[in-house]
Amino acid sequence: ASRTPHTYMPVNKRAREEPEEESIEKRLVNLIVRIGDRSIADLNSHLRGLAAALTAELPTSRTLIYDTILDCVRGLQPKAPIYGALCGLLAANPQGEPDGVVAADIVAQ
């Protein structure tokens, strides 16, 4: 039986990727939800890294960040102290905002 040779057709990888904005939102949510899930030995450095990443995204994703942290506090109560520490780090590094505005905004909600 004769076989038709398989032709290689390159797949446009970008066509399968999600829009960059959506993937950034999903990435932020995943980072917030998963903080503290693995080893707690590195929790301090992970929290500081997450706080730095979130601070950089506050101008464009403030509502998403606040809502995600609040949802995590409500739904992942054993990790509430971790989210409290995250709020404290966000308040300590407000990127030009008056001290405590970030944490106060989250708590006020």
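Residues numbered from 1 in each chain as written. Predicted model: local features only at pLDDT ≥ 70, side-chain atom pairs only at ≥ 80, totals over all residues. Heavy atoms only, no water.

**Q** Would you mind going over the overall build of the protein with me for this structure?
**A** When you go through the protein residue by residue, the secondary structure sums to five helices and zero strands. Secondary structure elements of the protein occur, N-terminal to C-terminal, as α-α-α-α-α. Counting contacts in the protein only where the partners sit at least 6 residues apart, residues at least 24 apart contribute 65% of the total. Counting only carbon and sulfur atoms, one obtains 54% of the accessible surface of the protein, whose full area is about 7,700 Å². (Helix = DSSP H or I, 4+ residues; strand = E, 2+ residues; numbered from the N terminus. Contact = heavy atoms within 4.5 Å. Areas by Shrake-Rupley, 256 points an atom, 1.4 Å probe, with all protein chains shown as cover.)

**Q** Honestly, the packing of helix H3 (residues 43–75) against helix H4 (residues 80–92) in this entry has me stumped. Any pointers?
**A** Each packed pair of helices is defined by two parameters, the angle between the axes and the distance between the axes. At a closest axis distance of 8 Å, the pairing of H3 and H4 adopts a crossing angle of 90°. Put simply, H3 runs roughly perpendicular to H4. Only Ile82, Tyr83, Ala85, Leu86, Cys87, Leu89 and Leu90 of H4 make contact with H3, whose side of the interface consists of Leu43, Leu47, Arg48, Leu50, Ala51, Leu54, Thr55, Ile69, Cys72 and Val73. Partitioning the contact of H3 with H4 into residue classes produces 15 nonpolar, one polar and one charged. (Axes fitted to C-alpha atoms, helices over the stretch in contact; angles between N-to-C directions. Parallel < 35°, antiparallel > 145°, perpendicular 65-115°, else oblique. Nonpolar A, V, L, I, M, F, W, Y, C, P; charged D, E, K, R; others polar.)

**Q** Honestly, H3 in this entry has me stumped. Any pointers?
**A** Given 3.6 residues to a turn, an α-helix orients residues that are three or four positions apart in the same direction. For H3, which comprises 33 residues, the first-to-last C-alpha distance of 20 Å sits more than 12% below the rise-based estimate of 48 Å (1.5 Å per residue). Of all bends in H3, the biggest is about 115°, found at Ser61. (Expected span 1.5 Å × (residues − 1). Bend = angle between axes of the 7 residues up to and from the residue.)

**Q** How should I be thinking about the pattern of salt bridges in this particular structure?
**A** When the charged atoms of two side chains lie near each other, side chains of opposite charge can form a pair. What the rule picks out here adds up to two salt bridges. Across the pair Arg74 and Asp71 runs a salt bridge, and its minimum N-O distance is 3.5 Å. Of this pair, Arg74 and Asp71 both sit in helix H3, three residues apart, which is roughly one turn of that helix. Exposure remark for Arg74: the relative accessible area of 52% places this residue in the exposed category. Since its relative accessible area comes to 48%, Asp71 is described here as partly exposed. (Salt bridge = Lys/Arg side-chain N within 4 Å of Asp/Glu carboxyl O. Buried < 20%, exposed > 50% of the residue type's maximum accessible area, 1.4 Å probe, protein only.)

**Q** Before we go on, may I ask you to explain the side chain of Lys79 in this structure?
**A** Note on placement: Lys79 falls in the loop between H3 and H4. Residue class for Lys79 comes out buried when judged on its relative accessible area of 12%. Among the polar contacts listed, one links the side chain of Lys79 to the backbone oxygen of Val33, at a separation of 2.6 Å. Once residues within four sequence positions are removed from consideration, Lys79 is found in contact with Val33, Arg34, Ile35 and Asp37. (Polar contact = N/O pair within 3.5 Å; in protein donor to acceptor, adjacent residues only side chain to side chain.)

**Q** What's the story with the nonpolar core in this structure? I'm lost.
**A** What tends to happen in soluble globular proteins is that the nonpolar side chains get buried as a cluster. One finds Leu54, Ile69 and Leu86 to be the most contacted residues of the largest nonpolar core, which totals 19 residues. Breaking this core down by element, the ones donating at least two residues are helix H2 (20–34), H3 and H4. In terms of residues, this core owes the most to one element, H3, which gives ten residues. (Core = buried A, V, L, I, M, F, W, Y, C linked by side-chain atoms within 4.5 Å.)

**Q** Got a minute to help me understand the environment of Asp37 in this structure?
**A** If you trace the backbone, Asp37 turns up in the loop between H2 and H3. As a C-alpha pair, Asp37 and Lys79 span 42 residues in sequence and 8.9 Å in three-dimensional space. Of note is the side chain of Asp37, whose polar atom sits 2.7 Å from the side chain of Lys79.

**Q** I keep staring at the environment of Cys87 and nothing clicks. Help me out?
**A** Mapped onto the secondary structure, Cys87 falls in helix H4. Cys87 gets classed as buried once you look at its relative accessible area, which sits at 11%. Between the C-alpha atom of Cys87 and that of Tyr66, which follows or precedes it by 21 residues, the distance is 9.5 Å.

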